[in-house]
Amino acid sequence: MIQKGAFMNTQKKKEKGRIAPVVLILIGAAFFVIMLILPLAAVIYRSLRSGLEVYLSAVTASNTLSALRVTLIAAGIALAVNTFFGLCASWLITKFEFRGRQVLSTLIDIPFSISPVIAGLAFIMTFGRMGWATPLIDRLNNLLGTDIALVFSVPGVVLATIFVTFPFVSRELIPVMQAQGCAEEEAAAMMGAKGFTIFRKVTFPHIKWALLYGVILCTARALGEFGAVYAVSKTRGQTFTLPLEVDALYMAGSADSITQAFAVSSILVIMAIVILILKQIVEARGKREG
């Protein structure tokens, strides 16, 4: 009887052990469907509900195309700047000992701790009409005969996008480069290899997937930024990005404009899906080669 009771208890524990993972999986799946799948599906449905002709009219409107152009320009420049800076900063922080290294590492994280809207307002207070940098910009314009403006313009949108995407590449690279250490680079240097050759043949093969992952995250953040860009953008059809165009259409309040807002939103959804697929491919390749 004692053995039978022990056997029954063991069976009950095994059944409970099987039930718990199933329950957790169901809860996770339900949360995923409710919070992610259904809202995205609703965007696609609302964008196509009035017909393909209305959808194509919305996504090819002049304001939409202008917003797409500004979004791609800002994202492209931010990606190039932050990739270059991320590589340089990561190399500096992980491969060299110098005074202020920890300060530099901390400064990189500032965009994570500051609201994007505050960042946009900071740019206005710096480069706007009342900003301390305005006299310098005016002198430069007078000297060169230009009309450079760093707020309420496309350059302002680019600066705001660079700021909010600043840490993504370096924060992916630094842990990988710290784990790699310096032994291989030092050995290559002792054999006569120069700096760029060491980076290209020794360092880069170890960090290429982390770099690509950081690039993908940076791109995703740049495409979807709203707060900082909203603060430094001004004119619809000239400096608006896609998220701002969606907001303008939706806030117009008419049935047609709301449908157009969902149509423009679908562009961002498609971009997000493409980026997500690329992210999964990079993660899989990185794990396979790691």
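Residues numbered from 1 in each chain as written. Predicted model: local features only at pLDDT ≥ 70, side-chain atom pairs only at ≥ 80, totals over all residues. Heavy atoms only, no water.

1. Description of the overall build of the chain
Rule in force here: Here a helix means four or more residues in a row that DSSP labels H or I, a strand means two or more in a row labelled E, and each is numbered from the N terminus. Radius of gyration: over C-alpha atoms. The globule rule applied is 2.2 Å multiplied by the number of residues raised to the 0.38 power. For every residue, the accessible area obtained with a 1.4 Å probe (protein chains only) is divided by the maximum for its type, and the residue is called buried under 20%, exposed over 50%, and partly exposed between those limits. The contact definition used throughout considers only heavy atoms, calling two residues in contact when any of these lie within 4.5 Å. For the area figures, the Shrake-Rupley method with a 1.4 Å probe applies, and any residue is considered shielded solely by the protein chains shown. Under this rule, positive means Lys or Arg and negative means Asp or Glu; His and the chain ends count for nothing. Charged side chains are reduced to one point each, which is NZ for Lys, CZ for Arg, CG for Asp and CD for Glu.
Assigned secondary structure in the chain consists of 14 helices and zero strands. Starting at the N terminus and walking to the C terminus, you meet the elements of the chain as α-α-α-α-α-α-α-α-α-α-α-α-α-α. The C-alpha atoms of the chain give 25 Å as radius of gyration, which overshoots the globular expectation for 290 residues (19 Å, by more than 25%). For the chain, buried positions account for 34% of its 290 residues. Long-range pairs, those at least 24 residues apart, make up 73% of the contacts in the chain between residues at least 6 apart in sequence. When the accessible surface of the chain is split by element, carbon and sulfur atoms take 69% of a total near 17600 Å². For the chain, the centre of its 26 positive side-chain charges and the centre of its 16 negative side-chain charges are spaced 9 Å apart.

2. So, the packing of aromatic side chains
Spelled out, the test is: Pairing of aromatic side chains here covers Phe, Tyr and the six-membered ring of Trp, requires ring centres within 6.5 Å, and sorts the geometry by plane angle: under 30 degrees stacked, over 60 edge-to-face, intermediate tilted. Throughout this description, the term charge over a ring refers to an Arg CZ or Lys NZ atom that lies within 6 Å of the ring centre and within 35 degrees of the ring normal.
In total, this model carries eight aromatic pairs according to the counting rule given. Taking the centre distance of 6.1 Å and the plane angle of 90° together, the rings of Phe 123 and Phe 163 count as edge-to-face. Placement of Phe 123 in helix α6 (residues 116-127) and of Phe 163 in helix α8 (residues 154-164) is noted, with a sequence separation of 40 residues between them. Each residue in the set Trp 91, Phe 199 and Phe 204 is aromatic and connected to the rest through ring pairs, giving one cluster. The ring of Phe 152 is capped by Lys 234, whose NZ or CZ atom sits 5.8 Å from the centre of that ring.

3. Brief notes about a nonpolar patch on the surface
Rules: Surface patches are drawn from residues lacking salt bridges whose relative accessible area is over 30%; two like charges belong together within 9 Å, two nonpolar side chains (Val, Leu, Ile, Met, Phe, Trp, Tyr) within 5 Å. A pairing counts as a salt bridge when a side-chain nitrogen of Lys or Arg comes within 4 Å of a carboxyl oxygen of Asp or Glu.
On the surface, Phe 31, Phe 32, Val 33, Ile 34, Met 35, Leu 36, Ile 37 and Leu 38 cluster together to form a nonpolar patch covering roughly 780 Å² of accessible area. Here Leu 36 is to be found in helix α1 (residues 2-48). Given a relative accessible area of 44%, Leu 36 falls into the partly exposed group.

4. Observations concerning the nonpolar core
Stated precisely, the cut-off is as follows: Buried Ala, Val, Leu, Ile, Met, Phe, Trp, Tyr and Cys residues form a nonpolar core when they are joined through side-chain atoms within 4.5 Å.
Core analysis: the largest hydrophobic core is formed by 19 residues, its most contacted members being Val 59, Leu 223, Leu 242, Ala 263, Val 264, Ile 267 and Met 271. Elements that contribute at least two residues to this core include exactly α2 (52-59), α3 (62-95), α11 (195-224), α13 (242-252) and α14 (255-289). Counting residues per element, this core draws most heavily on α14, which supplies seven residues. Those residues in contact with Leu 242 that lie beyond four places of it in its chain are Thr 64, Ala 67, Leu 68, Thr 71, Val 264, Ile 267, Leu 268 and Met 271.

5. Some thoughts on the environment of Tyr 230
Examined against the element boundaries, Tyr 230 turns out to sit in helix α12 (residues 227-232). In the structure, Tyr 230 is positioned 139 residues away from Trp 91 in sequence and 33 Å away in space, judged by C-alpha atoms. Among all residues touching Tyr 230, those that are not within four sequence positions of it are Leu 244 and Asp 247.

6. Comments concerning α13
Of all the residues in α13, the buried ones are Leu 242, Pro 243, Leu 244, Glu 245, Val 246, Ala 248 and Leu 249. Backbone geometry just downstream of α13 places Gly 253 in the positive-phi region, at approximately 90°.

7. Some thoughts on helix α9 (residues 168-180)
So the rule is basically this: For a helix, the expected span equals 1.5 Å multiplied by the residue count minus one.
Over its 13 residues, α9 extends 19 Å from the first C-alpha to the last, a length consistent with the 18 Å expected when each residue adds 1.5 Å. Those residues of α9 lying buried are Phe 168, Val 169, Ser 170, Leu 173, Ile 174, Met 177 and Gln 180. At the C-terminal side of α9, Gly 181 shows a positive phi close to 80°.

8. Examining the side chain of Ser 233
This is how the line gets drawn: Distance and chemistry together define a polar contact, namely a pair of N or O atoms within 3.5 Å, with one atom able to donate a hydrogen and the other to accept it when in protein, and with adjacent residues in sequence counting only for side-chain atoms on both sides.
By the element assignment, Ser 233 lies in the loop between α12 and α13. Within the structure, the side chain of Ser 233 is placed 2.8 Å from the backbone oxygen of Thr 239, a separation counted as a polar contact. With residues near it in sequence (within four places) discarded, Ser 233 still touches Phe 152, Val 157, Thr 239, Phe 240 and Leu 244.

9. Here's the deal with the environment of Tyr 250
The residue Tyr 250 is located in helix α13 in this model. C-alpha separation for the pair Tyr 250 and Leu 92, spaced 158 residues apart in sequence, amounts to 46 Å. Aside from chain neighbours lying at most four places away, what touches Tyr 250 is Ser 257, Ile 258, Ala 261 and Phe 262.

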